[in-house]
Amino acid sequence: MRPLLVRLHRWMGVATALFLFVAGLTGALIAWDHELDAALNPTFFNARTHGPALPSLELAKRIEAADPRFDVTYLPLGVEPGKTLQMMVLPRTDPKTGQPYALGFNQLAVDPATGEIQGRREWGAVSVARINLIPFIYKLHYTLHLPFMGSFDTGTWLMGIVGIVWLFDSVIALVLSFPSVKAWRKSFAFRFGRGGYALTFDLHRSGGVWIWGVLAIVALTSVSMNLSDPVVRPVLSTVSTLEPTPFNNPELMRKGAPGEAPLTAERIVQMAQAAGRERGLIAPPGALYYVPSFNAYGVGFFAPGHDHGDAGLGNAWLYYNANTGKLAGGSIPGKGSAGDIFMQAQFPLHSGRILGIGGRILMSFTGIAVAVLSATGLMIWLKKLGARRRSAAAAARSRVTRESAAQS
């Protein structure tokens, strides 16, 4: 059995090493994505004026009226003092061409006191310019910036599959790390004095053993987030009831009567405020997003500046049909079935935010460790591959020598 596990570990590791090396280094950085982005782009994050903020919904209307080529689709409902209001936008259809307008941006930074647009950028663009660098790294982490093939998200699926292989390989690696009961101490040791190959081997084996539990959580959560709707939720729903989401609830996609306009953003926010009070939510509505393709509104509950969730299971969200206003799903931290709570925990666990600042530090360390484990694994494989080739070549030479001697 052990020789089979060794081969499986070797080829699973080689197949995923480069992907995990990139994911590890980028993950170490994006644990601090907001802070790094703000440090690199202060004019995008810091408002030029310091007057009282205008209502976010009013600002969104002004922005849309000034440039009718787009709709605001994500809008923070509050803003931190001295900070810009950062909106996400989607292009409208150009009536002349029947195609979406080519905007060149999907995110705006707006001075909340004046409504002035301080900056524009394409979040997730393939660009290492300062304004795009952190979003580029963030998207690289989970998609590698691979293109869609039709409606198929190549990068997200690939990294999800890498996560599945990684999870199985982690179990195999743990078994291989303890070849015998008597030698268990060696699996935790680092031979720093030896250096060279011995230290490389220990960094790979013992380093993985020390943080195995964290690595397994990161691998599992990477699968849960990349392949949530197509794989994880269907599997989980066989053992637990799950609250519907905008992506799997037909009620959200049900259109209104012909000619019926969607409900206004103001009305949706009012309904969400009432629903939040009924559910005992303390935080106010913190953001509104509109997904035209799903005919859905979503309202998140958090204080300004806390959109990622600082600790625990994150922020509450409620989802509404855009035409009927029907409440058709939601996610309230700690509420729901066991499956719902499992899904709520995935991003907080993966990002480390479930433990606050300490968890984010742990995830940065873990990201670097994943890169080191991937690099040392490749180094070990290459060394053994070279040794096998030299051994095969020596055996071939010996065979030729024996055959020559026999003929003479």
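Residues numbered from 1 in each chain as written. Predicted model: local features only at pLDDT ≥ 70, side-chain atom pairs only at ≥ 80, totals over all residues. Heavy atoms only, no water.

A.B. asks: Would you mind going over unusual backbone geometry in detail, with residue names and values included?
C.D. replies: Positioned with a positive phi, Leu144 is a non-glycine residue whose angle comes to about 60°. Tracing the chain through its elements places Leu144 in the loop between helix 5 (133–143) and strand 5 (148–149). Despite not being glycine, Asn295 shows a phi value in the positive range, around 50°. Relative to the helices and strands, Asn295 is located in the loop between strand 7 (285–291) and strand 8 (296–301). By relative accessible area, which is 3% here, Asn295 ends up buried. (Helix = DSSP H or I, 4+ residues; strand = E, 2+ residues; numbered from the N terminus. Buried < 20%, exposed > 50% of the residue type's maximum accessible area, 1.4 Å probe, protein only.)

A.B. asks: I'd like a description of the environment of Ala39, backed by residues and values.
C.D. replies: Locating Ala39 in the fold gives a position in helix 2 (residues 33–40). Owing to a relative accessible area of 62%, Ala39 belongs among the exposed residues under this scheme. Each C-alpha atom, one on Ala39 and one on Ile164, is 35 Å from the other, the two residues being 125 residues apart in sequence.

A.B. asks: Residues and numbers for the sheet that holds strand 3 (residues 107–110), please.
C.D. replies: Strand order across the open sheet formed by 8 strands is 4-3-2-1-7-8-9-10, with antiparallel pairing between neighbours. The open sheet is flanked by strand 4 (117–121) and strand 10 (327–331), the only strands paired with a single partner. On average, adjacent strands in this sheet sit at an angle of 25° to one another, irrespective of strand direction. For strand 3 and strand 4, the ladder comprises 4 bridges, and the chain directions are antiparallel. Pairing of Gln107 across the sheet is with Arg121, part of strand 4. In the packing of helix 4 (residues 56–66) onto the sheet, contacts are made with strand 1 (70–76), strand 2 (85–91), strand 3, strand 4 and strand 7, and the angle to strand 1 comes to roughly 160°. (Pairing = 2+ DSSP bridges. Axes fitted to C-alpha atoms, helices over the stretch in contact; angles between N-to-C directions. Contact = heavy atoms within 4.5 Å.)

A.B. asks: If you had to explain the pattern of salt bridges to someone new, which residues and values would you point to?
C.D. replies: Applying the stated criterion across every chain yields a total of 12 salt bridges. Note that Glu35 and Arg360 form a salt bridge whose closest N and O atoms lie 2.8 Å from each other. In this pair, Glu35 is assigned in helix 2 and Arg360 in helix 14 (residues 357–407), connecting sequence segments 325 residues apart. Classification of Arg360 by relative accessible area gives buried; the value is 6%. Of the charged contacts in the structure, one is a salt bridge between Arg191 and Asp202, with a shortest N-O distance of 2.7 Å. Of this pair, Arg191 sits in the loop between helix 6 (154–176) and helix 7 (196–210) while Asp202 sits in helix 7; the two residues are 11 residues apart in sequence, bridging distant segments of the chain. Within this structure, Arg191, Asp202 and Arg205 form a network of salt bridges that share partners. (Salt bridge = Lys/Arg side-chain N within 4 Å of Asp/Glu carboxyl O.)

A.B. asks: Lay out a nonpolar patch on the surface with the relevant residues and their values.
C.D. replies: Among the surface-exposed residues, Met1, Leu4 and Leu8 lie close enough to one another that they form a single nonpolar patch of about 310 Å² accessible area. Examined against the element boundaries, Met1 turns out to sit in the segment before helix 1 (2–30). (Patch = residues over 30% accessible without salt bridge, like charges linked within 9 Å, V, L, I, M, F, W, Y side chains within 5 Å. Areas by Shrake-Rupley, 256 points an atom, 1.4 Å probe, with all protein chains shown as cover.)

A.B. asks: Describe the packing of helix 5 against helix 6, listing the residues and the values that go with them.
C.D. replies: At their nearest, the axes of helix 5 and helix 6 sit 7 Å apart, and the two run at 60° to each other. Here helix 5 lies oblique to helix 6, going by the angle between them. From helix 5, His141, Tyr142 and Thr143 reach across to helix 6, where they touch Gly155, Thr156 and Met159. Looking at the contact of helix 5 with helix 6, its residues break down into 2 nonpolar, 4 polar and no charged. (Parallel < 35°, antiparallel > 145°, perpendicular 65-115°, else oblique. Nonpolar A, V, L, I, M, F, W, Y, C, P; charged D, E, K, R; others polar.)

A.B. asks: Run through the side chain of Ser177, naming residues and quoting values.
C.D. replies: Positionally, Ser177 belongs in the loop between helix 6 and helix 7. A relative accessible area of 8% means that Ser177 is categorised as buried. In terms of polar contacts, Ser177 uses its side chain to reach the backbone carbonyl oxygen of Ala173, at 2.7 Å. (Polar contact = N/O pair within 3.5 Å; in protein donor to acceptor, adjacent residues only side chain to side chain.)

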